[in-house]
Amino acid sequence: MNAIQKIIDRLELQSHPEGGYFKEVYRSSGTIDEENLGEDFSGPRNYATSIYFLLTSESFSAFHRIKQDEIWHFYKGSPIKLHIISDTGIYSYAIIGNDVETGQNPQFVVKAKDWFAAEVIDKNAYTLVGCTVSPGFDFKDFELPERDMLISKFPEHRNIITTFTRF
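Residues numbered from 1 in each chain as written. Predicted model: local features only at pLDDT ≥ 70, side-chain atom pairs only at ≥ 80, totals over all residues. Heavy atoms only, no water.

**Q** I keep staring at the pattern of salt bridges and nothing clicks. Help me out?
**A** Here the structure, examined in full by the defined rule, presents 7 salt bridges. Measuring nitrogen to oxygen at the nearest pair gives 2.9 Å for the salt bridge that ties E12 to K23. With a gap of 11 residues between them, E12 in the loop between helix 1 (3-11) and strand 1 (14-15) and K23 in strand 2 (residues 21-27) connect regions that are remote in the sequence. Of the residues examined, E12 reaches a relative accessible area of 52% and is grouped as exposed. Each member of the salt-bridge network shares a partner with another, and the members are R65, D87, E143 and K153. (Salt bridge = Lys/Arg side-chain N within 4 Å of Asp/Glu carboxyl O. Helix = DSSP H or I, 4+ residues; strand = E, 2+ residues; numbered from the N terminus. Buried < 20%, exposed > 50% of the residue type's maximum accessible area, 1.4 Å probe, protein only.)

In structure tokens:
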């Protein structure tokens, strides 16, 4: 069994709709009522949630967004490149890894409502990270757009959107 499959089995990871593998490892018992969350949310949310997320160089995490800030934590493997397009159309990226001397960040926050995608930097490799969301994640807050929709919104980023969308 290869190293990637061992991690998937040991951490009991499942396929994620955006690509890669995940497992929720924490969901707070406390909740925030809808009226305290703002108009973007419907229904209550837990205070916070956290997942393991594994991505391989054979795939990518497709452009998506959520309504909350998402904190990425680097654990193991290749550095990962996070591609970000703000809602106003500004493209940026972050390298998440443990080599801080070369500018990698062991932790990075994606702002609420920013579109983002991820790729493993090294060939024939994987990345194991954690993602923490507050208020807690709910699939009602998850948006996985079609390629044409994102391109129509951000035509200047056609190439990066085409690379990191599935349909």
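**Q** For this particular structure, what's the right way to read the layout of surface pockets?
**A** The probe, sized like a water molecule, is rolled over the atoms to show the empty space still left. In this structure, the largest pocket occupies an estimated 240 Å³ of space. Every residue lining the largest pocket is counted, 18 residues in all, and those nearest its centre are H16, I51, E70, V133 and F137. Contributions of two or more residues to the lining of the largest pocket are made by strand 2, strand 5 (49-56), strand 7 (69-77) and strand 12 (126-134). Looking at the lining of the largest pocket residue by residue, the classes come out as 11 nonpolar, 3 polar and 4 charged. (1 Å grid on protein atoms, 1.4 Å probe; cavity = no way out; pocket = protein on both sides within 12 Å on 5 of 7 lines; lining within 4 Å. Points joined across faces, edges and corners; volume = space filled by probe spheres on them. Nonpolar A, V, L, I, M, F, W, Y, C, P; charged D, E, K, R; others polar.)

**Q** Before we go on, may I ask you to explain the nonpolar core in this structure?
**A** The tendency in soluble globular proteins is for nonpolar side chains to be buried side by side. Of all hydrophobic cores here, the largest spans 17 residues; its most connected members are F53, W72 and L82. At the level of elements, strand 5, strand 7, strand 8 (80-85), strand 11 (115-120) and strand 12 are the ones that each hand at least two residues to this core. (Core = buried A, V, L, I, M, F, W, Y, C linked by side-chain atoms within 4.5 Å.)

Everything listed here is a matter of coordinates, which is why it stays silent on function.
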